[in-house]
Amino acid sequence: MVSCGGLTNRISTVLLKFILPTVFVVYVVVVVKEKTSQSMLRTVETYSAMRCENHTVITTRKYNTFNSASYHMDKYTPVEDQNALREMMQITRLRCNCPKPPYWLKPVNERRIEEGRKWEFEKNKRLEPLSICKAMSPFNYIGGGITVEPYQTVPIVGLSLHPIVEQMLPNLNTDITLQISSTKKMGKLHLSKLINPMMLANHVISGERTFELKINLKQNIELLNTILDTNILYTSDNYELDARDQLQITLLNFTADIYVRIRREPLPDLYDPGERNSVIDKVTVITKTFERPDVIEQFVASVHKYYPNISIIIADDSEFPKPIKKDHVKYFVMPFREGSFPGRNLALSQVRTKYVVFLDDDMFFTSETNLEIMMEKLEDPNIDMDINCGEVKNLGILKGFRSIGYNDTQGYCNMGSFFKHNNLVPGYPQCGWGEMFMFFFMAKTAVLRKIGAYPQIVQAAHEEAWIDTIGKAKSAFCPDSSVYHNRGGNKKYSAYRRESQSILFSDPLALFENNMCYWWSWYKFPRDPNFSIKVKIPLI
């Protein structure tokens, strides 16, 4: 057995022989490294200014900013440090050079850039804060993940003394001061009712239910442990949908940052699957049609041949529409040439089922159309699939991911497609993840409604619709369910289609919507062999 005195002697020996020398060595290394790195960086920056291109100088300055703001020992980490670290993370991001806007983009380009800046500002306000966990903390803490509803209360969990520090404190013969504050003043701090006034006798506490709580405990380590054990409470004082407060907790001259997320939890969007829980009760088929009455008749007939009682919703903006009046068919007439995307929005707005199937009006169900197997994947909780795309026979296969580059001041670039071999869906080896497919898919209705379709785009558009899903839905192509494509038409339809396509290729609306300064495909951008869209990444 080890006596208390013997244990104290052993701790002192460990402190003198191991911990204190280690702290001293770390301190010397950090200081020397800081001074050396700053000197080297000044030399590199001078050399870069003479010999390198402008973007290299910018990169060097980012490293300089990072190094000059990275070492603060036990001081809290200021906002400038987080910004510097974020800049460092952006170094390997896919970037692009924006070409000079073509004639058809110039009239709206400045407004697009300005609206894009506003969007970026709002996006940056919701960035996940960087929780920088400093070394040699005397206490354990959770840097992020604590969440509270507006005007409600949450305990600051995860606080506890480091075991070695807990053993050392009785020998320090000093008062213990604990301070915790809300730097953004979004919530107030107080102790739980489990800490009663009798327990706090002879101790000094100030700032209860204010933005800064301070406790002087006069060597009472047991009480300190009790307070740290989920008895410090944070009450939100602001109405926020989704924001983050920064708490700074100081103990033994060490300050750590803790981020509290204030989030109003949204309520679920539920759809009744019906008593039978069948595909008929859980799926609606929608389409948009224009000037092809015979084609839409065949479409309805094919769907009801294989799924007789399934609901079909049709949006039609023909000049002289011929509504189909049949059971389980809802036919909505729109103003003449109202547009493709507005028609999709109208049809989608009328869906009352959990899932929705969308396909073009010249695609037809066959014996190989299997809605049950498509729905099975959407309901599999292990893969989180939002959109299940099937095969369109007689039209080829379209798949892949989109290569989206970022420009610091002018928006984004759609630089085309790229492919990955490791994109198979777990448990479904016939399926592959992607971001662009043919227009035959089953989707979760709630997800598709949140994406919607940009109503200003009135021409029939394909890639423009899939671009809208990036980062908003997880899509996959599975060839185990298919439809057949048989383009039908007439002179009137064909004339309008040619006109729409000629307008689309020089229409700025899709670029405005997604804040794009460049679109790789058929949009009419001037060709310059000496101009490179893609920016070389310095570290890769």
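The name given to the protein chain in an unreviewed UniProt entry is Beta-1,4 N-acetylgalactosaminyltransferase 2-like, and the organism recorded there is Saccoglossus kowalevskii.

### Points about the pattern of salt bridges
This model, assessed by the stated rule, comprises 24 salt bridges. Residue R95 is joined to D408 by a salt bridge in which the shortest nitrogen-to-oxygen separation is 2.6 Å. Here R95, found in the loop between helix 3 (79-90) and helix 4 (106-125), pairs with D408, found in the loop between strand 18 (401-407) and strand 19 (411-418); they are 313 residues apart in sequence, far enough to count as distant. On the accessibility criterion, R95 (14% relative accessible area) is buried. Its salt-bridge partner being D242, residue R261 comes within 2.9 Å of it at the nearest N-O pair. Of the two residues, R261 sits in strand 11 (residues 254-263) while D242 sits in strand 10 (residues 242-251), which places them 19 residues apart along the sequence.

### Re a nonpolar patch on the surface
A contiguous nonpolar surface patch, about 380 Å² in accessible area, is contributed by Y151, Y239 and L241. Summarising the element assignment, Y151 is placed in the loop between strand 2 (146-148) and strand 3 (153-155).

### Quick look at the state of the cysteines
Under the criterion given, the structure shown has three disulfides. With a sulfur-sulfur separation of 2.0 Å, C98 is cross-linked through a disulfide to C517. In this structure the cystine formed by C98 and C517 twists about its S-S bond by roughly -75 degrees; its chirality is therefore left-handed. Of this pair, C98 sits in the loop between helix 3 and helix 4 while C517 sits in strand 24 (residues 516-519), placing them 419 residues apart in sequence. Judged by relative accessible area, which is 12%, C98 ranks as buried. When the cysteines engaged in disulfides are numbered in sequence order, the protein chain pairs them as 1-3, 2-6, 4-5. The thiol of C389 is unpaired, and the distance to the nearest cysteine sulfur, on C478, comes to 8.3 Å. Its relative accessible area of 0% is what places C389 among the buried residues.

### Quick notes on the packing of helix 5 (residues 163-172) against helix 6 (residues 221-228)
Helix packing geometry: the angle between the two helix axes and the distance between the axes. At their nearest, the axes of helix 5 and helix 6 sit 11 Å apart, and the two run at 145 degrees to each other. Of the residues in helix 6, those touching helix 5 at E166, L169 and P170 are I221, L224 and N225. Across the contact of helix 5 with helix 6, the residue classes tally to four nonpolar, one polar and one charged.

### Some words on the sheet that holds strand 9 (residues 232-236)
Strand order in this open sheet of three strands is 3-9-6, and the pairing throughout is antiparallel. Because the sheet does not close on itself, it has two edges, and the strands there are strand 3 and strand 6 (187-191). Recorded for the sheet is a direction-independent mean angle of 25 degrees between the axes of neighbouring strands. Relative to strand 9, strand 6 is paired through five bridges, and the arrangement is antiparallel. Bridge pairing links K188 to T235 in strand 9.

### Considering helix 9 (residues 340-349)
With seven of 10 residues buried, helix 9 is to be regarded as a mostly interior element. Within helix 9, the full set of buried residues consists of S340, F341, P342, G343, R344, A347 and L348. If you follow the buried residues of helix 9, they end up packed against strand 12 (283-289), strand 13 (311-316), strand 15 (355-359), helix 11 (445-451) and helix 12 (463-467).

### Some points on the nonpolar core
Among the nonpolar cores identified, the biggest contains 47 residues, and I286, I387, F441, W466, L511, W519 and Y523 are the most heavily contacted of them. For this core, the element with the most residues is strand 24, which contributes four residues. Those residues in contact with L511 that lie beyond four places of it in its chain are W104, L105, R112, M516, C517, Y518, W519, Y523 and F525. In this structure, I296, Y331, L359 and C431 belong to the second largest nonpolar core, which totals 39 residues.

### Digging into the sheet that holds strand 7 (residues 204-206)
The strand order across the open sheet formed by six strands is 2-11-10-5-8-7, and the pairing between neighbours is mixed. With partners counted over all chains shown, the strands left at the sheet margins are strand 2 and strand 7, one partner each. Going across the sheet, the axis of each strand differs from the next one's by a mean of 20 degrees, ignoring polarity. The pairing of strand 2 with strand 11 spans three bridges and is parallel. Among the inter-strand pairings, T147 is bridged to a residue of strand 11, identified as R261.

About the criteria used
- Residues numbered from 1 in each chain as written.
- Predicted model: local features only at pLDDT ≥ 70, side-chain atom pairs only at ≥ 80, totals over all residues.
- Heavy atoms only, no water.
- Salt bridge = Lys/Arg side-chain N within 4 Å of Asp/Glu carboxyl O.
- Helix = DSSP H or I, 4+ residues; strand = E, 2+ residues; numbered from the N terminus.
- Buried < 20%, exposed > 50% of the residue type's maximum accessible area, 1.4 Å probe, protein only.
- Patch = residues over 30% accessible without salt bridge, like charges linked within 9 Å, V, L, I, M, F, W, Y side chains within 5 Å.
- Areas by Shrake-Rupley, 256 points an atom, 1.4 Å probe, with all protein chains shown as cover.
- Disulfide = S-S within 2.5 Å.
- Axes fitted to C-alpha atoms, helices over the stretch in contact; angles between N-to-C directions.
- Contact = heavy atoms within 4.5 Å.
- Nonpolar A, V, L, I, M, F, W, Y, C, P; charged D, E, K, R; others polar.
- Pairing = 2+ DSSP bridges.
- Core = buried A, V, L, I, M, F, W, Y, C linked by side-chain atoms within 4.5 Å.

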